[in-house]
Amino acid sequence: MRLDKFLKVSRIIKRRSVANEFCDAQRVCVNGKIARASHKLKIGDVIEADLANRHIKIKVISLNETVRKENCTDLYSIVD
């Protein structure tokens, strides 16, 4: 799954176009390297993102194409 789609499906970022903008601004890293929106994610990848007012670090657990709102946190776990 593409990085921008994962950020949208997991509801970390509200819209896919906004996720693209974050990636273009080099504010998203995958496994310690700056990643483009088209980066293919794998289970176990660690994503770091500098969002508007917070820094998040998560580990990809699942790559489902569609997820209900209640289950969106099942796609990732927060890494300290």
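Below is a short write-up of the structure.

The five strands lie next to each other as E2-E1-E3-E4-E5, forming an open sheet whose pairing is antiparallel. Of all the strands in the sheet, the pair left with one neighbour each is strand E2 (33–34) and strand E5 (76–78). As defined by bridge partners, strand E4 (residues 55–60) adjoins E5 across three bridges and the pair is classed as antiparallel. Residue pairing for E5: Val60 is matched across the bridge by Tyr76.

Next up on the list: unusual backbone geometry. Of note in this structure, Arg11 is not a glycine but carries a positive phi near 65°. Summarising the element assignment, Arg11 is placed in the loop between helix H1 (3–9) and helix H2 (16–24). Note on Arg11: relative accessible area 44%, which makes it partly exposed. Backbone geometry places Gln26, a non-glycine residue, at a positive phi of 60°. Among the secondary structure elements, Gln26 is positioned in the loop between H2 and strand E1 (28–30).

Calculation criteria
- Residues numbered from 1 in each chain as written.
- Predicted model: local features only at pLDDT ≥ 70, side-chain atom pairs only at ≥ 80, totals over all residues.
- Heavy atoms only, no water.
- Pairing = 2+ DSSP bridges.
- Helix = DSSP H or I, 4+ residues; strand = E, 2+ residues; numbered from the N terminus.
- Buried < 20%, exposed > 50% of the residue type's maximum accessible area, 1.4 Å probe, protein only.

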